[in-house]
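Fold and contact review
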Amino acid sequence: MTVVIYHNPACGTSRNALALIRHAGIEPHVIDYQKCPPSRALLAQMIDRAGMSIRDALRVKGTPYDELGLGDPSLSDDQLLDAMLAHPILINRPIVVTTKGVKLCRPSDVVLDLLPDLLLADFIKDDGEPALRDVEIASDDPGLAEMLAAAQLPTGDLAEPGRTFFAYRTLSGALVGYAGYELYGADVLLRSLVVPAEVRGTGIGKAIVARLCRRAFDAGARRAWLMTTTAADFFEAIGFKRVERSGAPEAILDTRQAKDLCPASAVVLSRPIRL
Ligand SMILES: CC(C)(COP(=O)(O)OP(=O)(O)OC[C@H]1O[C@@H](n2cnc3c(N)ncnc32)[C@H](O)[C@@H]1OP(=O)(O)O)[C@@H](O)C(=O)NCCC(=O)NCCS
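This structure is a prediction, so every number in the text was calculated from the model and none was measured. (Residues numbered from 1 in each chain as written. Predicted model: local features only at pLDDT ≥ 70, side-chain atom pairs only at ≥ 80, totals over all residues.)

With that settled, the discussion passes to the sheet that holds strand E6 (residues 163–170). In spatial order, the strands read E5-E6-E7-E8-E9-E11-E10; together these seven strands make up an open sheet with mixed pairing. Two strands bound the open sheet, and with one partner strand each, they are strand E5 (132–137) and strand E10 (241–243). Averaged over all pairs of adjacent strands, the angle between their axes in this sheet comes to 35°, without regard to strand direction. Pairing of strand E8 (residues 187–194) with strand E9 (residues 223–228), which is carried by three bridges, proceeds in the parallel orientation. Residue pairing in the sheet places valine 188 in a bridge with alanine 224 of E9. (Pairing = 2+ DSSP bridges. Helix = DSSP H or I, 4+ residues; strand = E, 2+ residues; numbered from the N terminus. Axes fitted to C-alpha atoms, helices over the stretch in contact; angles between N-to-C directions.)

Looking now at the site of the ligand. Surveying the vicinity of the ligand reveals 20 residues, the closest of which are Arg200, Gly205, Lys206, Asp233 and Ala237. Those elements that place two or more of their residues in the shell around the ligand are E8, helix H5 (204–218), E9 and helix H6 (232–237). (Near = placed C-beta within 6 Å.)

A few words now on the environment of aspartate 122. You can see aspartate 122 is positioned in the loop between strand E4 (101–104) and E5. Considering only alpha carbons, one finds aspartate 122 and glutamate 244, 122 residues apart in sequence, at a separation of 40 Å. In contact with aspartate 122, not counting residues within four places along its chain, are Pro130, Thr170, Leu171 and Ser172. (Contact = placed C-beta atoms within 7 Å.)

To continue, consider the domain arrangement of the protein. Split into domains, the protein comes out as domain 1 (4–114) and domain 2 (132–272). Relative placement of domain 1 and domain 2: their C-alpha centres are 28 Å apart. Of the residues belonging to the side of domain 1 that touches domain 2, the class tally is three nonpolar, one polar and two charged. (Domains from an automatic or database assignment. Nonpolar A, V, L, I, M, F, W, Y, C, P; charged D, E, K, R; others polar.)

Turning our attention to the sheet that holds strand E3 (residues 95–98). Reading across the sheet, the four strands line up as E2-E1-E3-E4 and stay open at both edges, with mixed pairing between neighbours. For this open sheet the edge positions go to strand E2 (29–32) and E4, each flanked by a neighbour on one side alone. Averaged over all pairs of adjacent strands, the angle between their axes in this sheet comes to 15°, without regard to strand direction. Two elements, strand E1 (residues 4–7) and E2, share four bridges in a ladder whose sense is parallel. Looking at E2, one finds that tyrosine 6 is bridged to isoleucine 31. Where helix H1 (residues 12–23) meets the sheet, its contacts fall on E1, E2 and E3, and the angle it forms with E1 comes to roughly 160°.

With that settled, the discussion passes to the pairing of strand E7 (residues 175–184). Within E7, seven of the ten residues are buried, leaving the element largely enclosed by the surrounding structure. Summarising the sheet, E6 and E7 pair through seven bridges and their orientation is antiparallel. Residue threonine 164 lies in a different strand from E7, and its bridge partner there is tyrosine 181. In this antiparallel pair of consecutive strands, E6 and E7, the connection spans four residues, and glycine 173 shows a positive phi of 105°. Direction of pairing for E7 relative to E8: antiparallel, over a ladder of six bridges. Bridge pairing links glutamate 182 to leucine 189 in E8. (Buried ≥ 20, exposed ≤ 12 C-beta atoms within 10 Å, placed from the backbone.)

Listed below in structure tokens is the structure:
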């Protein structure tokens, strides 16, 4: 398989994606896009094939984004592309191209979607988190209900419409958890996150939330919400902030989780979803 990675050697996510491609036995074409940026037409085409808007592909952190006023929503795609070509650091990374498609690979294990679907040795990223594969599952998947029940999480509304669930496995195929979401426009309720007790505390929960947020982003979500009685500290450790229940959008407060399944004492947490 031919693989091209638009790489930034100073970026941990880009290095992890490159290492994962090599871990799969493939030596990719590595393009340092700051030294050798793609043409305007190729950049626009890759972003389109990745299913993103030009704005979604802009990098904010560590770039002249604010200085150039690129947050101005009236700027056209052409103006944003001009800025990206004048300052290639504004192109978010890494963009990976294979015969299976094009993606901005954030978190890095998204790159696995573009590689052959083979069992591999387990892989631990630079920051100690394991690389995981996610597979969408049916809401009546027996393993999901069983693991949620074992962790005393609600199962009463699993079969209702509008829920999307995933199973997570290490690269060698071990099942290491489940999670799901309910999408309400740009808001998404994260739910049913569970990691088996014997592998907790090894970075899997954090890795699952990153993958889940990315799937939700691809479905249109830009802010994540959740309710928990047991894991508020975990979510705060990974960047969520506590909010008053009344500060959550009506669609989130109207969910079964909010109305029936989580007690009024459950903590509400939220975080923007950015790539
Ligand atoms: C909550 C849960 C998913 C966390 O999964 P995990 O794989 O153990 O978490 P991680 O190892 O990825 O931890 C990530 C970070 O959160 C911290 N953390 C994990 N659990 C924590 C807790 N209970 N309190 C405080 N911090 C916690 C870790 O120390 C780690 O911080 P670090 O990156 O600074 O080291 C897991 O404990 C679980 O399945 N619990 C039962 C079900 C549940 O409560 N689900 C949430 C429903 S909303």
